[in-house]
Amino acid sequence: MNSDVTAWLRIDPASSVPPYEQLRVQILDAANDGSLPVGTRLPPVRTLAGHLGVAVNTVARAYRELEQAHIVVTRSRAGTVVAAAGDEARRKAAEGAAEYARLVKANGITEDEAVSYLRAALRRR
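As recorded in an unreviewed UniProt entry, the protein chain goes by DNA-binding transcriptional regulator YhcF (GntR family) and comes from Arthrobacter pigmenti.

Asks: How do you make sense of the overall build of the protein chain when you look at a structure like this?
Replies: A tally of helices and strands in the protein chain yields six helices and three strands. The order of α-helices and β-strands along the protein chain, N terminus first, is α-α-β-α-α-β-β-α-α. A total of 125 residues make up the protein chain; the buried ones form 30% of that total. Considering only residue pairs separated by 6 or more positions, the protein chain has 50% of its internal contacts joining residues 24 or more positions apart. Per element, the accessible surface of the protein chain, about 8,300 Å² overall, is 53% carbon and sulfur.

Asks: Please explain the environment of Gly53 as it appears in this structure.
Replies: You can see Gly53 is positioned in the loop between helix 3 (45-52) and helix 4 (56-68). Sequence-wise, Gly53 and Arg10 are 43 residues apart; in three dimensions their C-alpha atoms are separated by 9.8 Å.

Asks: Looking at this model, I keep getting lost on the side chain of Thr80. Mind explaining?
Replies: Looking at the secondary structure, you find Thr80 in strand 3 (residues 79-82). In terms of polar contacts, Thr80 uses its side chain to reach the side chain of Thr74, at 2.9 Å.

Asks: What's the story with the nonpolar core in this structure? I'm lost.
Replies: One recurring pattern in soluble globular proteins is that nonpolar side chains are buried together. Ranked by internal contacts, the top residues of the largest apolar core, which has 21 residues, are Leu23, Ile27, Leu36, Leu42, Leu48, Leu52 and Val59. Listing elements by their share of this core, those giving two or more residues are helix 2 (19-33), helix 3 and helix 4. Top contributing element to this core by residue count: helix 2, with five residues. Those residues in contact with Ile27 that lie beyond four places of it in its chain are Trp8, Leu9, Leu36, Leu42, Tyr63 and Leu66.

Asks: Is there a simple way to explain the pattern of salt bridges in this structure?
Replies: One side chain can pair with another of opposite charge once the charged atoms of both are near each other. The tally for this structure, following the rule as stated, stands at four salt bridges. Residue Glu21 pairs with Arg24 through a salt bridge whose shortest N-O separation is 2.6 Å. A residue pair is termed a helical-turn pair when its members lie 3 or 4 positions apart in one helix, as Glu21 and Arg24 do in helix 2 at three residues.

Asks: Sorry if this is basic, but what is going on with the sheet that holds strand 3 here?
Replies: What links the strands of a sheet is backbone hydrogen bonding, and the strands pair in either a parallel or an antiparallel sense. Across the sheet, which stays open at both edges, the three strands sit in the order 1-3-2 with antiparallel pairing between neighbours. Looking at strand neighbours, the two that pair on one side only are strand 1 (41-42) and strand 2 (72-75), the edges of this open sheet. Along the sheet, helix 4 makes contact with strand 1, strand 2 and strand 3, crossing strand 2 at roughly 115°.

Asks: Explain unusual backbone geometry here, please?
Replies: A negative phi holds for most residues other than glycine; trans holds for most peptide bonds. Within the chain, His70 stands out as a residue other than glycine whose phi angle is a positive 65°. One can find His70 in the loop between helix 4 and strand 2.

Asks: Help me understand the packing of helix 3 against helix 4 in this model?
Replies: The relative placement of two packed helices is expressed as an angle between their axes plus a distance between the axes. Here helix 3 crosses helix 4 at 120°, and the two axes come no closer than 8 Å. Classified by the interaxial angle, the pair formed by helix 3 and helix 4 is oblique. For the pair helix 3 and helix 4, the crossing hand works out as right-handed. Every residue of helix 4 that contacts helix 3 at Val45, Arg46, Leu48 and Ala49 is listed here: Val56, Val59, Ala60 and Tyr63. Of the residues assigned to the contact of helix 3 with helix 4, the class counts are seven nonpolar, no polar and one charged.

Rules and cut-offs
- Residues numbered from 1 in each chain as written.
- Predicted model: local features only at pLDDT ≥ 70, side-chain atom pairs only at ≥ 80, totals over all residues.
- Heavy atoms only, no water.
- Helix = DSSP H or I, 4+ residues; strand = E, 2+ residues; numbered from the N terminus.
- Buried < 20%, exposed > 50% of the residue type's maximum accessible area, 1.4 Å probe, protein only.
- Contact = heavy atoms within 4.5 Å.
- Areas by Shrake-Rupley, 256 points an atom, 1.4 Å probe, with all protein chains shown as cover.
- Polar contact = N/O pair within 3.5 Å; in protein donor to acceptor, adjacent residues only side chain to side chain.
- Core = buried A, V, L, I, M, F, W, Y, C linked by side-chain atoms within 4.5 Å.
- Salt bridge = Lys/Arg side-chain N within 4 Å of Asp/Glu carboxyl O.
- Pairing = 2+ DSSP bridges.
- Axes fitted to C-alpha atoms, helices over the stretch in contact; angles between N-to-C directions.
- Parallel < 35°, antiparallel > 145°, perpendicular 65-115°, else oblique.
- Left-handed = near helix turned anticlockwise from the far one by under 90°.
- Nonpolar A, V, L, I, M, F, W, Y, C, P; charged D, E, K, R; others polar.

So, in structure tokens, the structure goes:
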């Protein structure tokens with residue numbers, strides 16, 4: 001098992017949050033912040049369950065929900081891999097930010113000005 005992928009995963013048995021949800025959120029957050037880059041192979045369900053000390057169904061449910069959200073994709077021989085760097089809303093925001101950055105650069109607007117325009121726009125919404 002790739003310890004880099006799982007070293008930071010933790011399940012708090014005393015938490016009121018179900019273990020599958022704790023795992024799902026940790027993987028989702030790591031995909032969103034780039035800690036788990038696109039293409040990163042996650043450990044097999046049984047391996048991760050053993051590492052975390054949880055039931056196989058717990059990991060399977062977390063993976064299944066991440067797959068339904070298009071965060072990971074499971075291929076029989078290739079296993080489960082990170083398919084997207086975050087959820088759909090974040091992907092769209094990143095695309096919008098890239099387009100905004102092109103517009104800003106093309107018009108000679110400074111970074112400080114661009115950020116102030118963005119902050120003002122966010123406050124209006």
